[in-house]
Amino acid sequence: MKLTILGGGGFRVPLVYGALLGDRAEGRVTDVVLHDLDAGRLSAVARVLAEQAAGVPGAPAVTATTDLDEALRGADFVFSAIRVGGLEGRAADERVALDQGVLGQETVGAGGIAYGLRTVPVAVDVARRVARLAPDAWVINFTNPAGLVTEAMSRHLGNRVIGICDSPVGLGRRIARVLGVANPREAWIDYVGLNHLGWVRGLRVAGRDELPRLLADQDLLGSFEEGKLFGTEWLQSLGAIPNEYLHYYYFNREAVRAYQEAEKTRGAFLRDQQARFYEAMKRPDAEALKTWDSTRAEREATYMSENRDAAGAGERDADDLSGGYEKVALALMRAIARDERTTLILNVRNQGTLSVLDTDAVIEVPCLVDANGAHPVAVDPLPDHATGLVCAVKAVEREVLAAAESGSRTTAVKAFALHPLVDSVNVARRLVEGYTAEHPGLAYLK
Ligand code: G6P
Ligand code: MN
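Remember, it's a predicted structure, so these values are computed and weren't measured experimentally.

Often, the extent of an interface is quoted as the loss of accessible area upon association of its parts. Taken domain by domain, the protein chain comprises domain 1 (168–250) and domain 2 (252–311). On the side of domain 2, eight residues touch domain 1, which itself brings nine residues to the contact. The largest contributions to the domain 1 side of the interface with domain 2 come from Leu 229, His 247 and Tyr 248, which together make up 60% of the buried area. Scanning the region where domain 1 abuts domain 2 turns up one salt bridge. Residue Glu 225 pairs with Arg 308 through a salt bridge whose shortest N-O separation is 3.5 Å. On the surface where domain 1 and domain 2 come into contact, there are seven residue pairs in polar contact (both at pLDDT 80 or more). Elements with a contribution of two residues or more to the side of domain 1 that touches domain 2: helix H10 (225–230) and helix H12 (247–250). The element that contributes the greatest number of residues to the side of domain 1 that touches domain 2 is H12, accounting for four residues. Of the residues contributing to the side of domain 1 that touches domain 2, the split by class is five nonpolar, one polar and three charged.

Here you go:
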């Protein structure tokens, strides 16, 4: 089975390869093709993978190419983990927004719109090529903003593209842990929304909803990441546990201020950190895997640190440092390739799940996955305030998709202006000016 990884020179590729190495079952991935525009990054990552594979019998063979069509031909699965504009682009997304006093996060608010406007045309090109060159392939989209990008690709690939994120999985795991659920896989997590904009409304174990027990227990509630980030009182008021990215909404002023005051924004930090890693990989005697792993550990430890500082939440729990998106990706691939039926929270077309959104809107929801793909499970409606946010943000996403298709600058302004975290049409206009001046990838906006 052939897996093609787009963005194959990306920093997190060894996580995916590590997960593949642990898969010994019949029908596993035997060939990995890394595609990237940058040959230097490809060879750096290939060195890490070679060290990971050393001594592992039957390790998937790895090849690398800068030719996209060659990479796609014959693929059974395509992981899309590209970063249009690189981390320099992410840092610019943050800077331009913060200069206007609004959030520049890569998936939320103005930053997410700018990143989406640059990424959608490229993702659509990839989707068209997959449809032509590997029509039977399944595409797993990691590229942020994951919900928006998955929806853009689904217009060309239908249900054969599925978006993934590890935030809901991490959230479910944390709740299960504090509730003392022995095997989190046995818990049913009632979660729904858009990517980075969802809420856990229940967690069922043996048919009983355990979330009320958590919400009623001040100590338990304050003991894990979301409790510390949002504060127990706010979680009790909501009666639900929001995805950590909702911190940018519920505590927007504090988050913006923390990012403005930070020595470096997240994108700038990662840009510099990864530049050091790729530079180190050029030395013939570099210890590739060791260097990669210490860089990864530092990245994990500092994840959302500005938000945690703003909330006085302290350090991350050691148990939260292992990430997990590679596990979601592997579980999804196994479920489809081998009909290993499972339930995963994924980004798929709504198909009537949330009645306030149309059928093609990509949402994040528990899905039953089998050889026929991912099937969203019926869920209770969201409370009104959450419905309001979901509808507002989906409307923004639709303006982004329309701007990317038409190349209309006016539509791009509308996308920014309609976002709940952009507080003035004038700010939206200045954001479009700032972003188009910064990013050659936005030159298509006329
Ligand atoms: C979480 C999010 C991902 C994001 C990742 C890394 O897992 O769900 O969408 O890519 O964190 O964030 P970072 O700030 O380290 O790039
Ligand atoms: Mn994510």
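Among the 13 residues in the neighbourhood of ligand 1, the closest are listed as Arg 90, Asp 166, Ser 167, Arg 266 and Arg 299. Between an oxygen atom of ligand 1 and a side-chain N or O atom of Ser 167, the distance comes to 2.9 Å. Contact between ligand 1 and Arg 299: an oxygen atom at 2.7 Å from a side-chain N or O atom of the residue. Across the complex, the protein chains shield 90% of the 390 Å² of accessible surface that ligand 1 would expose by itself. Of the residues assigned to the shell around ligand 1, the class counts are four nonpolar, three polar and six charged.

For the bond running from Asn 144 to Pro 145, omega is -10 degrees, close enough to zero to count as cis. By the secondary structure assignment, Pro 145 is in the loop between strand S5 (138–141) and helix H6 (146–157). For Met 304, which is not glycine, the phi torsion reads 55 degrees and is therefore positive.

What counts as what
- Residues numbered from 1 in each chain as written.
- Chains lettered and ligands numbered in written order.
- Predicted model: local features only at pLDDT ≥ 70, side-chain atom pairs only at ≥ 80, totals over all residues.
- Heavy atoms only, no water.
- Domains from an automatic or database assignment.
- Contact = heavy atoms within 4.5 Å.
- Buried area = accessible area lost by both parts, 1.4 Å probe.
- Salt bridge = Lys/Arg side-chain N within 4 Å of Asp/Glu carboxyl O.
- Polar contact = N/O pair within 3.5 Å; in protein donor to acceptor, adjacent residues only side chain to side chain.
- Helix = DSSP H or I, 4+ residues; strand = E, 2+ residues; numbered from the N terminus.
- Nonpolar A, V, L, I, M, F, W, Y, C, P; charged D, E, K, R; others polar.
- Near = heavy atom within 4 Å.
- Areas by Shrake-Rupley, 256 points an atom, 1.4 Å probe, with all protein chains shown as cover.

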